[in-house]
Amino acid sequence: MGGSKRSHRLKSNQRKRTARRNRPGGGLLLRVASDLELFNTLSGTVEPLVASDGRGLRMYACGPTVYDYGHIGNFRTFLHVDVLRRFLKQQGVAVSHVMNITDVDDKIIRNAAAAGKSIADYSAKFETAFFEDMDWLSIERPEHLPRATESISEMVSLIQRLAEKDIAYQIEDGSWYFRIDRFPEYGKLSKKDFEGLEDSVRVDNDDHDKDAARDFALWKAVKGTASGETEHHWETALGPGRPGWHIECSAMATKYLGECLDLHAGGEDLMFPHHENEIAQSESASGHCFARHWMHVRFLLVEGRKMSKSDNNFFTLRDLLLKGHRASAIRFLLISVPYRHQLNFTFDGLTESTNAIDRLRTFHQRMVMGGFAAGLNPEVAAATAKARAGYTASLANDLNTAEARAAIFDLVRAANSAADAGTLLSENVAEILAVLTLFDGVFAVLEDHDAEITRAAIAWAEREDRMDEVDASLITKLALSDADIDALVAERTQAKKSRNFARADAIRNDLLAKGIILEDSKDGVRWKRK
Ligand SMILES: [Zn+2]
């Protein structure tokens, strides 16, 4: 089984190499394909994800608007995009991934003015927090992270190109709009039917100068504020103002990736109107495709309900960390349900996720510690090969993270039983560890940074004067560093050796009171935080 999978991989690698070698002169249409089949919102089918230039996948994902801390719904999207890019890289596909940072919009301008800050100063704090959150959730950094405010001239040029074709037009207050009736394919992504909507829907009552109700803003002219000052704006050939949100993504995607992307991703809430507008602007300007493949990550529910501040079920990553939940468990829960399925995020689910990670880490430690009898158990070898194949096939099948996870836990179960029965042999271990490493290349939960992340979140709460939100038991639990615990465990081992059982028990009980659990095994002592 392992052999046939390996030869399949070899063949697929040969195919990729051949494609690369033949690309420059060939008349053939050569493409680098991963083995990944991904649902394409545009075509409505699951189809191979292809790097059309034969070199690497050029992908764009809509990033955060940095006016506040990111909530777990936002991070569900960023995490599934992370799963995608990690899996592609594992499959040998180079990735050029762009994620924009929206550092100018109505809320940022309004909040910055209220705080008496420049928009750069105001958004910097949330941008820093966003990157910190990404690190805490083990989300890899995209290759490019452009800020909207650093690509204003590209946005202006794009609007000018549209204006030359009379697709962009200026209204009396100086704002520029996109003429939707010049793009008959409008709605092709979200499959909305706009016939008859024209007169019945007026989205924004302020903009009554628009030629048609559906037309959307490309450039917003500067307005005076209540206090008589002018709000933040740029002086450009289009007049003083600032870009609309949709044009940011079109301009930045094209700037970094060229005009026809291999993949565009985002949360399902962005499909309409944001992505539909991106397509309309970009394709009207270039005359050809904007993105071949579109990936949308579904929303989550929290305890069965839509997440909302008024329902008291709205959580940022930081809220959950301060309540004592581990970053790894949050990551694991947010990615364990495939991206096209709705996830019901519950605290029971978070506990289950925590336990699953503990099981995985304990198993990994058991394999690393070794001490197994010599030889190879063919049944365990077969279970290992099955897990490897199951993991890869599941992710290749529209990123089915639930099945990929199940494949690995089947192996954990089988190998643990064999180890308990004394039938797991030393030559099985290397391949088991290789499969765990493969799994962790995408899931990224094996290495334990949880305590250090929680400490960093508490330090942030202290700086922000939010210590009242920190769960009381956390402070006790984190009072001991890993090194402190290692030292106490060593002292206890020594006490036992010298038959000072009272001291050994006292150390054990003291650690338990601080949330540290010791497990004695024939291979030594393992500890973990509760
Ligand atoms: Zn976007």
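Note that the coordinates shown come from a computational prediction; the quantities given were computed from them, not determined experimentally.

Asks: Just to check I follow, could you spell out the sheet that holds strand β6 (residues 176-178) for this structure?
Replies: Within a sheet, neighbouring strands are paired by backbone hydrogen bonds and run either parallel or antiparallel to one another. The antiparallel open sheet is built from 4 strands, whose spatial order is β5-β6-β7-β8. In this open sheet, the two edge strands, each paired with only one partner strand, are β5 (168-170) and β8 (241-243). Across this sheet, the average inter-strand angle for adjacent strands is 25°, counted without regard to direction. As defined by bridge partners, β6 adjoins strand β7 (residues 216-221) across 3 bridges and the pair is classed as antiparallel. From the neighbouring strand, Phe-178 faces β7, where its bridge partner is Phe-216.

Asks: Sorry if this is basic, but what is going on with unusual backbone geometry here?
Replies: In most cases, non-glycine residues show a negative phi, while peptide bonds are predominantly trans. Phe-272 connects to Pro-273 through a cis peptide bond whose omega is 0°. If you trace the backbone, Pro-273 turns up in helix α8 (residues 271-286). For Ser-138, which is not a glycine, the phi torsion comes out positive at approximately 55°.

Asks: Is there a simple way to think about the state of the cysteines in this case?
Replies: Each disulfide consists of one covalent bond between the sulfur atoms belonging to two cysteines. Scanning the entire structure with this criterion turns up 1 disulfide. What pairs with Cys-260 in a disulfide is Cys-289, and their sulfur atoms sit 2.1 Å apart. The S-S bond linking Cys-260 to Cys-289 shows a torsion near 85°; that makes this disulfide right-handed. Separated by 29 residues along the polypeptide, Cys-260 in the loop between α7 (245-257) and β9 (261-267) and Cys-289 in the loop between α8 and β10 (291-297) bring together distant segments of the chain. Judged by its relative accessible area of 15%, Cys-260 falls in the buried class.

Asks: Help me understand the pairing of strand β15 (residues 524-529) in this model?
Replies: Within a regular beta strand, the side chains point alternately toward one face of the sheet and then the other, so they alternate between its two faces. Sheet topology note: the strand β14 (residues 516-521)/β15 ladder contains 6 bridges and is antiparallel. By the bridge assignment for β15, Ser-521 is matched with Gly-524. The hairpin formed by β14 and β15 contains 2 residues between the paired strands.

Asks: Just to check I follow, could you spell out the packing of helix α5 (residues 152-164) against α8 for this structure?
Replies: In a pair of packed helices, the angle between the axes and the distance between the axes together describe the arrangement. Look at α5 against α8: their axes get within 9 Å of each other, and the N-to-C directions meet at 65°. With respect to α8, the element α5 is oriented roughly perpendicular. Judged by the twist between their axes, the crossing of α5 over α8 is left-handed. The segment α5 lies against α8, with Leu-158, Arg-161 and Leu-162 engaging Gln-281, Ser-284, Ala-285 and Ser-286. Of the residues belonging to the contact of α5 with α8, the class tally is 3 nonpolar, 3 polar and 1 charged.

What counts, and where the lines are drawn
Residues numbered from 1 in each chain as written. Predicted model: local features only at pLDDT ≥ 70, side-chain atom pairs only at ≥ 80, totals over all residues. Heavy atoms only, no water. Pairing = 2+ DSSP bridges. Helix = DSSP H or I, 4+ residues; strand = E, 2+ residues; numbered from the N terminus. Axes fitted to C-alpha atoms, helices over the stretch in contact; angles between N-to-C directions. Disulfide = S-S within 2.5 Å. Buried < 20%, exposed > 50% of the residue type's maximum accessible area, 1.4 Å probe, protein only. Parallel < 35°, antiparallel > 145°, perpendicular 65-115°, else oblique. Left-handed = near helix turned anticlockwise from the far one by under 90°. Contact = heavy atoms within 4.5 Å. Nonpolar A, V, L, I, M, F, W, Y, C, P; charged D, E, K, R; others polar.

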